[in-house]
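Residue strings, one per chain:
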Amino acid sequence: MAKKPSVVREFFRKRMVALKRKPQIIALLVLVAAYVYYSLNLSQIANTTALINGPHMGLAEFSTMLFSALALVTFLNAFPHRKKANVPMLVLTFLMIGVLIFCDYYYGGRITAALTREDSPISPTGKNAFVAVAQGVLRVHMILVIIGAALLALLPAYSPLIRKINTNVEVAGNSDMAAIDISGEDA
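## Structural notes on the overall build of the chain
Scanning the chain for helices and strands turns up 7 helices and 0 strands. Each helix and strand of the chain, placed in order from N terminus to C terminus, yields the pattern α-α-α-α-α-α-α. Taking all 187 residues of the chain together, the buried fraction comes to 32%. Once local pairs closer than 6 in sequence are excluded, the contacts in the chain between residues at least 24 apart make up 76%.

What follows is the structure, given as structure tokens:
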């Protein structure tokens, strides 16, 4: 009789099989995490934009949200189901990731300029503590986006390694096939 694998072990085996089929899901999950993290902290970013009101800060904030969503859409279209990668969509994904990094860098520069200006610098403490939070959010978002871009760029390097992982189920009783009597004679 075959030994049934544990529920937890079977769950992880199924996830590994799915990952072997679609290794690009790793990069997608990192980019989704960056989008969700930025979206959940958007009020801190908006309050910082309203306080500092630097040139093109609102545009950078809007562009970050827009291109985050569009990068996910182009990413999903770059890897259609059971087909080869769509290169133009992949190029668009990398372009949008580049725009995201630039917008985060620009917005962070506007915050730094407001904190270090000579006439009436903004103090990121007390009632303006959201400015420091927004600065941290931008750094984390930029790091997550860069990690996602690196994972996407290195996909041809690590996907063969993932495919080499053994996900076969060991079935007891199949080891001695010669012992099975198939002659049809009753003894």
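Structure's up, so let's keep going.
## Topic: the nonpolar core
Nonpolar side chains in soluble globular proteins generally cluster together in the buried interior. Counting 18 residues, the largest nonpolar core has Phe75, Phe79 and Leu152 as the members making the most contacts within it. Per-element accounting of this core gives the leading share, 4 residues, to helix 2 (residues 25-40). Counting 16 residues, the second-largest nonpolar core is a separate cluster that includes Met57, Ala60, Cys103 and Ala114.

## Here we look at the packing of helix 3 (residues 42-52) against helix 5 (residues 87-116)
One can describe the packing of helix 3 onto helix 5 by two numbers: an axis separation of 11 Å at closest approach and a directional angle of 50 degrees. Relative to helix 5, the element helix 3 is oriented oblique. Here the hand of the crossing between helix 3 and helix 5 comes out left-handed. Between helix 3 and helix 5, the contacting residues are Ile45, Thr48, Thr49 and Ile52 on the first element and Tyr107, Arg110, Ile111 and Ala114 on the second. Among the residues forming the contact of helix 3 with helix 5, the class breakdown is 5 nonpolar, 2 polar and 1 charged.

## Quick word on the side chain of Lys20
By secondary structure assignment, the location of Lys20 is in helix 1 (residues 7-21). Lys20 sits in the buried class, given a relative accessible area of 19%. Those residues in contact with Lys20 that sit more than four places away from it in its chain are Ile162, Arg163, Ile165 and Thr167.

## Some remarks on the side chain of Gln135
As for its position among the elements, Gln135 is in helix 6 (residues 129-153). A relative accessible area of 15% means that Gln135 is categorised as buried. With residues near it in sequence (within four places) discarded, Gln135 still touches Ile111, Thr112 and Leu115.

About the criteria used
- Residue positions are given per chain, counting from 1 as you read along its sequence in written order.
- Reporting of local features is limited, given that this is a predicted model, to residues whose pLDDT is at least 70; pairs of side-chain atoms are given and counted only at 80 or more, and all residues count toward the totals for whole chains, interfaces and linings.
- Side-chain numbers come from the whole structure's heavy atoms, not from hydrogens or water.
- Helix and strand assignments follow DSSP, with helices taken as H or I runs no shorter than four residues and strands as E runs no shorter than two, numbered in order from the N terminus.
- Categorising residues by exposure relies on relative accessible area from a 1.4 Å probe, with only protein chains included: less than 20% of the type maximum marks a residue as buried, more than 50% marks it as exposed, and the intermediate range marks it as partly exposed.
- Working rule for contacts: check all heavy atoms of both residues, and any pair within 4.5 Å makes them a contact.
- What we call a nonpolar core is a set of buried Ala, Val, Leu, Ile, Met, Phe, Trp, Tyr and Cys residues that are connected through their side-chain atoms within 4.5 Å.
- Here the axes come from fitting lines to C-alpha atoms, over the contacting stretch only for helices, and the angles between their N-to-C directions go from 0 to 180 degrees.
- In what follows, roughly perpendicular refers to angles from 65 to 115 degrees, roughly parallel to angles under 35, roughly antiparallel to angles over 145, and oblique to any angle outside these ranges.
- Put simply, a crossing is left-handed when the front helix is turned counterclockwise from the back one by less than a right angle, and right-handed when it is turned clockwise.
- Throughout this entry, Asp, Glu, Lys and Arg are counted as charged residues, while Ala, Val, Leu, Ile, Met, Phe, Trp, Tyr, Cys and Pro are counted as nonpolar. The remaining residues, Gly among them, count as polar.

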